[in-house]
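Secondary and tertiary structure notes
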Amino acid sequence: MTTRTSFDPQAFRAALGTFTTGVTIITTRDADGAPVGVTANSFNSVSLNPPLVLWSLAKSARSLPAFSSNPFFNVHVLAAAQEGLSGRFASQGTDKFDGIELDEGISNAPLLPQCTARFQCHTAFSYDGGDHVIYVGEVRAFDRSEQPPLVYQGGQYALAARRPREELRLASPPPPECSYTEDLLGYLLGRSHYQMLHLLRRMLSGHSLDEGSFFVLSVLCIRDKLTLEEINAFVGYTGIDATEQAMEALEARRFVARERVRREIRYVLTADGREVVLRQIALAKAQEEDLADKLGAGDVMALKLLLKRLVASTDPGLPDLWAPR
Ligand SMILES: Cc1cc2nc3c(=O)[nH]c(=O)nc-3n(C[C@H](O)[C@H](O)[C@H](O)COP(=O)(O)O)c2cc1C
């Protein structure tokens, strides 16, 4: 760690950025009644009794005159899904409120919908804070939802994953040398994969289908009219090799049909094949909802985000199944 006493602004900003925060949009109305709003992560709680919060606004901000003259402002703690809104209220030269249907508040300050929490405030004090003005607001009304919050860390948007105490195994004995540990990523991914696959396998056995055949049907549900070679390019990473015989078996059961396009055989999904895939998708969605109940919607979002990054960073160059054709 390097201790710095000279204030290189960039290094100072980077050091401040290590303090992880939520993201808010703070709104008011200017003297003409026009809505004004700004993205701010300087928001913080001050006092419970009386209920006070604070935030600071750059003196260079165009919205400064409005916040200085109107004592009413609303703080919106943004939800993870509101990253776009944060970007919009952090930039100048756009109509920040375009297309937003405002909720009814206790003052004339604009009240944005679909946030994680909202605090309707009246300015109690304002202080000079160097190149910022610090506003302390008395909270006159507030509400909150179950939406997971947006997080800001090191100059980037992030999602928060919680660490519930009861899920962490305390004082697990040290593993023997050269042994797997329950903290190994490969073990964790493998185990969660097989545990989640268990339900799918039960459903597939009800249809007398194996996993390989199911992967073929899933690929054809996303992309129709594929040759056997193309199907294999999409499912190959699972270790499954779709053979002519396997395709014939699926044809015999009327899950797929073949089409001759010029000299090539291309496979399409039949209505029965689509039905099987749709059932599995419904099952997967139900499983995900169940998981969201157990882990919380925010943790599921964070898990998906990390898994997508893992998929991208370990991708050996597979064809993109979802790319537009
Ligand atoms: C995540 C994030 C947090 C921000 N926090 C603050 C803040 O606390 N105070 C501030 O003055 N500007 C902050 N900004 C910058 C303002 O949102 C930005 O300068 C905005 O354009 C000001 O709008 P205005 O000039 O229309 O008033 C932040 C920007 C982002 C992206």
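Residues numbered from 1 in each chain as written. Predicted model: local features only at pLDDT ≥ 70, side-chain atom pairs only at ≥ 80, totals over all residues. Heavy atoms only, no water.

For the rest of this paragraph, the subject is the side chain of Lys96. With respect to the helices and strands, Lys96 occurs in the loop between helix H3 (83–89) and strand S7 (117–129). Salt bridges are absent for the buried Lys96, whose nearest opposite-charge side chain, Asp95, sits at 9.3 Å. Of note is the side chain of Lys96, whose polar atom sits 2.8 Å from the backbone oxygen of Gly37. Setting aside chain neighbours within four positions, we find Lys96 in contact with Gly37, Val38, Arg88, Phe89 and Ser91. (Helix = DSSP H or I, 4+ residues; strand = E, 2+ residues; numbered from the N terminus. Buried < 20%, exposed > 50% of the residue type's maximum accessible area, 1.4 Å probe, protein only. Lys, Arg positive; Asp, Glu negative; His and termini not counted. Salt bridge = Lys/Arg side-chain N within 4 Å of Asp/Glu carboxyl O. Polar contact = N/O pair within 3.5 Å; in protein donor to acceptor, adjacent residues only side chain to side chain. Contact = heavy atoms within 4.5 Å.)

It is worth spelling out the UniProt feature "domain: Flavin reductase like" (unreviewed entry) in the chain at this point. UniProt's feature table lists "domain: Flavin reductase like" (unreviewed entry) at residues 16–159, given in the numbering used throughout. Across residues 16–159, helical content stands at 10% and strand content at 44%; the span's end C-alpha atoms are separated by 19 Å. (UniProt positions renumbered as here; feature names shortened; annotations may be inferred.)

Pairing within the open sheet is antiparallel, and its seven strands lie in the order S3-S2-S6-S7-S8-S5-S4. Looking at which strands have only one partner, the edges of the open sheet turn out to be strand S3 (35–40) and strand S4 (44–47). Pairwise comparison of adjacent strand axes, ignoring direction, gives a mean angle of 35° for this sheet. With three bridges connecting them, S4 and strand S5 (residues 52–58) associate as antiparallel partners. By the bridge assignment, Ser47 is partnered in S5 with Leu52. (Pairing = 2+ DSSP bridges. Axes fitted to C-alpha atoms, helices over the stretch in contact; angles between N-to-C directions.)

On to the domain arrangement of the chain. Domain parsing of the chain yields domain 1 (13–158) and domain 2 (185–314). Once you take the C-alpha centre of each, domain 1 and domain 2 turn out to be 44 Å apart. (Domains from an automatic or database assignment.)

With that settled, the discussion passes to the packing of aromatic side chains. Here the structure, examined in full by the defined rule, presents ten aromatic pairs. With a centroid separation of 6.4 Å and an interplanar angle of 55°, the aromatic rings of Phe214 and Phe215 are classed as tilted. Joined through ring pairs, the aromatic side chains of Trp55, Phe67, Phe73 and Tyr135 make up one cluster. (Phe/Tyr/Trp six-rings, centres within 6.5 Å; stacked < 30°, edge-to-face > 60°.)

Among the structural elements, His207 can be located in the loop between helix H4 (185–206) and helix H5 (211–222). Overall, His207 belongs to the buried group, its relative accessible area being 18%. Those residues in contact with His207 that sit more than four places away from it in its chain are Arg253, Val276 and Arg279.

Glancing now at the site of the ligand. The immediate surroundings of the ligand are formed by 19 residues, with Thr39, Ser42, Ala58, Ser63 and Gln92 found nearest. Contact between the ligand and Ser56: a nitrogen atom at 2.9 Å from a main-chain N or O atom of the residue. A distance of 3.0 Å separates an oxygen atom of the ligand from a polar backbone atom of Arg62. About the coverage of the ligand: the protein hides 82% of its 650 Å² of free accessible area. Those elements that provide at least two residues to the shell around the ligand are S3 and S5. Residues belonging to the shell around the ligand are distributed by class as follows: nine nonpolar, eight polar and two charged. (Near = heavy atom within 4 Å. Areas by Shrake-Rupley, 256 points an atom, 1.4 Å probe, with all protein chains shown as cover. Nonpolar A, V, L, I, M, F, W, Y, C, P; charged D, E, K, R; others polar.)

Strand order in the open sheet formed by three strands is S1-S9-S10, and the pairing between neighbours is antiparallel. This sheet does not close on itself; its edge strands, each paired only once, are strand S1 (21–22) and strand S10 (156–158). Judged from the three bridges that link them, strand S9 (residues 151–153) and S10 form a sheet pairing that is antiparallel. Looking across to S10, one finds that Val151 is bridged to Ala158.

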